[in-house]
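Architecture at a glance
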Amino acid sequence: MRIDPGVPGPVIVWLRNDLRLADNPALKAAIDTGRPVIPLYILDETPGVRAMGAASLWWLDKSLRALSDSFKAIGSKLMLRRGPAQEILKDVIVHAGAAGVVWNRLYEPAAIARDAEIKAALKADGVVVESCLAGLLNEPWTVQNGSKQPYKVFTPYWRAARAHLTHVEVERAPKHLQAPEHWPHSDALDGWNLHPRKPDWSKGFSIWTPGEAGALERLDDFLSGAVDGYGEGRDVPGLEATSRLSPHLHFGEIGPRQVWAAARTAAEAGDAPHGEIEKFLSEVGWREFNHSILFHWPQMPKRNFRPEFDAFPWAENPKGFEAWIEGRTGYPLVDAGMRELWATGFMHNRVRMITASFLIKHLLVDWRDGEAWFWDTLVDADLANNVGNWQWVAGSGADASPYFRIFNPIGQGEKFDPKGAYVRKWVPELANLPDSAIHQPWTAPAHLSVEAKRSYARPIVDHGRARARALEAYRHLRGNA
Ligand code: FAD
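Residues numbered from 1 in each chain as written. Predicted model: local features only at pLDDT ≥ 70, side-chain atom pairs only at ≥ 80, totals over all residues.

Test applied: UniProt positions are given in the numbering used here, feature names are shortened, and annotations may be inferred rather than shown by experiment.
Per an unreviewed UniProt entry, the protein chain is named Deoxyribodipyrimidine photo-lyase, and its organism is Caulobacter hibisci. If you open the UniProt record of the protein chain and go to Sequence similarities (unreviewed entry), you find "Belongs to the DNA photolyase family."

As structure tokens, then:
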């Protein structure tokens with residue numbers, strides 16, 4: 001960033017979903033000015049920007065603690081403030097006498113609008129402002145088809161996106177950061193009360209290590225272990241065969257370029273078969289694709305990508321919705337998923353598809369209601385990915401699964417959790433059922449299912465009838481198209 005040498009003052013790095021020191025272009029740009037650097041995180045309260053859900057706030061709390069320690073270790077501090085971002089930035093600039101502000105770009109529509117407004121306001125005040133690419137492999141506007149239009153289909157999108165990524169080098173974390181003479185005021189993190197109390201529902205979240213070190217360790221573990229076999233293993237919810245990097249990626253504790261570079265290095269070193277690593281990278285590609293779609297179709301969080309779905313006859317089904325969120329639909333795989341989500345802030349990808357499909361198609365509940373629940377309960381809640389995937393399941397999204405492909409929760413269980421390892425873990429009242437009945441407990445012989453019959457719900461809808469009703473609703477939609 002270019003700041004007139006005659007203008008004194010430090011540079012503010014406004015940290016958002018880039019809570020890391022390594023390969024952080026905004027931080028590097030600030031350091032490269034040779035000026036003191038003020039790292040600042042704002043718990044933003046700008047109207048219109050979607051507030052984080054409870055599970056995300058849990059994560060943020062730990063991630064900010066880790067980041068704060070990292071800044072201390074290099075002679076600096078992380079400043080914390082809460083309120084509308086523009087107001088806070090102006091206040092910190094005045095108090096610190098800052099000459100410039102730099103941040104890494106975000107791609108959600110409300111964040112884009114906020115950032116553009118802030119950029120214009122600060123520039124008008126004579127403050128130098130710069131923004132950088134950190135959260136994605138490619139800027140959404142750089143991957144276009146032959147007609148200079150954004151892609152709507154994943155496969156050609158990813159082919160084109162990959163072509164931009166011939167050589168990716170990542171920056172190491174800085175070893176020292178020049179501190180300003182005077183630090184501006186910072187809130188105390190404890191005062192933000194991000195960790196749930198009364199009740200503290202987060203006991204099961206102890207599986208996570210938020211922060212940059214935790215992210216790098218996950219990536220290392222994955223690339224030296226589960227990536228070998230990822231192609232098949234990723235569909236088996238009873239295995240831990242995926243990277244579980246999604247919350248780390250969302251909060252930017254690790255960047256996609258770092259993931260890409262490490263995976264390519266592992267491939268070149270022959271640590272895992274090429275095809276497995278490519279499959280893993282293509283999932284990272286779906287993350288890119290969803291961000292690109294949200295960037296180009298900013299109405300996605302509220303509106304169907306395919307407008308014909310606007311006529312879908314959603315049902316009012318509060319009882320069904322409640323049974324779904326509480327994991328007592330009577331379908332073991334659906335209930336296991338919803339309980340895993342509540343207990344850990346995470347749900348296996350295949351089970352996300354099955355639970356989402358169940359809500360939309362078996363219960364005919366609007367995908368937006370499910371998206372809102374996931375938003376509140378997932379530690380990796382991410383607007384582009386959550387909305388993109390809910391619309392994918394609903395059939396209303398870009399390159400979506402066709403609506404009429406209705407997941408059968410029993411068949412999916414028998415295929416991907418044949419011994420019921422996943423169901424037994426999350427639905428312990430079914431633990432003693434034989435494999436043959438684990439996905440349809442109502443078929444178990446009476447003497448084996450006493451406990452299950454006593455404490456486990458009967459299916460709230462019959463699969464066959466629900467399927468027929470869902471297809472009927474779809475016919476209605478097509479009739480209206
Ligand atoms: P891995 O299999 O190890 O994949 C590596 C990375 O690729 C992930 O960390 C993630 O960043 C990305 N990725 C993988 N699958 C997808 C996908 N289908 N779409 C986009 N990116 C993907 N993912 C989120 O990050 N946030 C969400 O809010 C979210 N909501 C979802 C809602 C529904 C209904 C569904 C079906 C999927 C959702 N996903 C979401 C996508 C996916 O389930 C998670 O990214 C994945 O389970 C994370 O586990 P992992 O890190 O072990 O993935």
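And the narrative resumes.
1. With respect to the overall build of the protein chain
Worth spelling out the cut-off: Strands here mean DSSP runs of E at least two residues long; helices mean DSSP runs of H or I at least four residues long; both are numbered from the N terminus. C-alpha atoms define the radius of gyration, and 2.2 Å times the number of residues to the power 0.38 defines the globule rule. Counting other C-beta atoms within 10 Å of its own, a residue is labelled buried from 20 upward, exposed at 12 or fewer, and partly exposed in the gap between, with every C-beta atom placed from the backbone.
For the protein chain, the count of helices and strands is 19 helices and five strands. Here the C-alpha atoms of the protein chain give a radius of gyration of 24 Å, agreeing with the 23 Å that 2.2 N^0.38 yields for 481 residues. Taken over 481 residues, the protein chain has a buried fraction of 45%.

2. Brief notes about the nonpolar core
The cut-off we apply is this: A set of buried residues qualifies as a nonpolar core if it consists of Ala, Val, Leu, Ile, Met, Phe, Trp, Tyr and Cys joined through C-beta atoms within 7 Å. In this description, any two residues whose backbone-derived C-beta atoms lie within 7 Å of each other are considered to be in contact.
Counting residues in hydrophobic clusters, the biggest one holds 106 residues, and the most contacted among them are Ile12, Val13, Trp14, Leu40, Leu89, Ala98 and Val101. Considering every element that reaches this core, the biggest residue donor is helix H15 (residues 383–394), with seven residues. In this structure, Val101 is in contact with Ile12, Trp14, Leu89, Ile93, Leu122, Val127 and Val129, ignoring residues within four places of it in sequence.

3. A word on the UniProt feature "domain: Photolyase/cryptochrome alpha/beta" (unreviewed entry) in the protein chain
Taking the numbering used here, the UniProt-annotated feature "domain: Photolyase/cryptochrome alpha/beta" (unreviewed entry) corresponds to residues 9–137. The span residues 9–137 carries 43% helix and 22% strand; its end-to-end C-alpha distance comes to 32 Å.

4. Remarks on the sheet that holds strand S1 (residues 11–15)
The following threshold applies: The rule for pairing is simple: two strands pair if DSSP sees at least two bridges between them. Between N-to-C directions, angles span 0 to 180 degrees; the directions come from axes that are lines fitted to C-alpha atoms, helices contributing only their stretch in contact.
Read from one edge to the other, the open sheet built from five strands follows the order S3-S2-S1-S4-S5, with strand pairing classed as parallel. Two strands bound the open sheet, and with one partner strand each, they are strand S3 (79–83) and strand S5 (128–132). The mean inter-strand angle of the sheet, taken between neighbouring strand axes irrespective of direction, is 25 degrees. With five bridges connecting them, S1 and strand S2 (residues 37–44) associate as parallel partners. Counted as the bridge partner of Ile12 is Ile38 from S2.

5. Details of the packing of helix H10 (residues 274–296) against H15
To be explicit about the condition: Any angle between 65 and 115 degrees counts as roughly perpendicular, while under 35 counts as roughly parallel, over 145 as roughly antiparallel, and the rest as oblique. For this classification, Asp, Glu, Lys and Arg are treated as charged, while Ala, Val, Leu, Ile, Met, Phe, Trp, Tyr, Cys and Pro are nonpolar and the rest, including Gly, are polar.
Relative to each other, H10 and H15 sit at 90 degrees, their axes nearing to 8 Å. Taken together, the axes of H10 and H15 are roughly perpendicular relative to one another. Here Arg287, Asn290, His291, Ile293 and Leu294 of H10 lie close against H15, whose contacting residues are Leu383, Ala384, Asn385, Val387 and Gly388. A class-by-class count of the residues in the contact of H10 with H15 yields five nonpolar, four polar and one charged.

6. Remarks on the pairing of S1
With five of five residues buried, S1 lies mostly within the body of the structure. Here S1 shows two buried faces, one formed by Val11, Val13 and Leu15 and the other by Ile12 and Trp14. As paired strands, S1 and strand S4 (residues 100–104) are joined by four bridges and run parallel to one another. Paired with Val13 across the strands is Val102, a residue of S4.

7. Some words on the site of the ligand
For the record, the criterion: Only the C-beta atom matters for this test: placed from the backbone, it must lie within 6 Å of a molecule or strand for the residue to be near it.
Taken together, 27 residues sit near the ligand, with Thr242, Ser243, Asn349, Asn386 and Asn389 positioned nearest. Where the shell around the ligand is concerned, the elements lending two or more residues are helix H8 (246–250), H10, helix H13 (349–362) and H15.

8. Some details on the packing of helix H14 (residues 367–377) against H15
Rules: Here a crossing is taken to be left-handed if its near helix is turned anticlockwise relative to the far helix by less than a right angle, and right-handed if that turn runs clockwise.
Orientation of H14 relative to H15, taken along the N-to-C sense of each, is 145 degrees, at an axis distance of 10 Å. H14 and H15 meet at a crossing whose hand is right-handed. Two secondary-structure elements touch here, H14 through Trp367, Gly370, Glu371, Phe374 and Trp375 and H15 through Asn386, Val387, Trp390, Gln391 and Ala394. Taken together, the residues that form the contact of H14 with H15 break down as six nonpolar, three polar and one charged.

9. Digging into the confidence of the model for the protein chain
Stated formally: As a per-residue measure, pLDDT reflects the predictor's confidence and takes values from 0 up to 100.
Chain-level pLDDT for the protein chain is 96 on average; 99% of the residues reach the 70-or-more range. Across the whole predicted complex the pTM is 0.98, and at the interface the ipTM reaches 0.99.

10. What to know about unusual backbone geometry
Backbone torsion omega between Lys198 and Pro199 reads 0 degrees, so that peptide bond is classified as cis. When you line up the elements, Pro199 lands in the loop between helix H5 (154–163) and helix H6 (212–223). At Arg244, a residue that is not glycine, the phi angle is positive and equals roughly 55 degrees. For Arg244, the location among the structural elements is in the loop between helix H7 (230–233) and H8. You can call Arg244 partly exposed: it has 19 C-beta atoms within 10 Å.

11. As for the environment of Pro84
Following the sequence through the fold, Pro84 ends up in the loop between S3 and helix H3 (85–96). For the pair formed by Pro84 and Ala315, sequence separation is 231 residues and the distance between their alpha carbons is 37 Å. Beyond its immediate chain neighbours, meaning those up to four positions away, Pro84 contacts Glu45 and Thr46.

12. Digging into the environment of Leu333
As for its placement among the helices and strands, Leu333 is situated in helix H12 (residues 332–344). Sequence spacing of Leu333 and Val427 is 94 residues, and the spatial spacing of their C-alpha atoms is 8.8 Å.

13. A short note on the pairing of S3
Alignment of S2 against S3, held across five bridges, turns out to be parallel. By the bridge assignment, Leu40 is partnered in S3 with Met79.

14. Some remarks on H5
Keep this limit in mind: The directions from the helix axis to the C-beta atoms are what the arc is built from.
Listing the buried residues of H5 in full gives Phe154, Tyr157 and Ala161. Each buried residue of H5 lies within a common arc of 65 degrees when the element is viewed along its axis, so the set occupies one face. Those residues of H5 that are exposed and aimed more than 90 degrees away from the buried face are Thr155, Arg159 and Ala163. As for H5, its buried residues are in contact with H10.

15. A word on H10
Convention followed: Each helix should span, by expectation, one fewer than its residue count multiplied by 1.5 Å.
Between its first and last C-alpha atoms H10 spans 32 Å; for 23 residues at 1.5 Å apiece the expected length is 33 Å, and the two agree. Turning to H10, its buried residues are Glu276, Ile277, Phe280, Gly285, Arg287, Glu288, Phe289, Asn290, His291, Ser292, Ile293 and Leu294.

16. Looking at the environment of Ser63
Turning to its location among the elements, Ser63 is positioned in helix H2 (residues 54–73). Taking the number of C-beta atoms within 10 Å as the measure of exposure, Ser63 has 27 and is therefore buried. Along the primary structure Ser63 and Ser455 are separated by 392 residues, whereas in three dimensions their C-alpha atoms are 39 Å apart. Not counting the four nearest positions on each side in its chain, Ser63 is found in contact with Leu19, Pro210, Gly211, Phe251 and Glu253.

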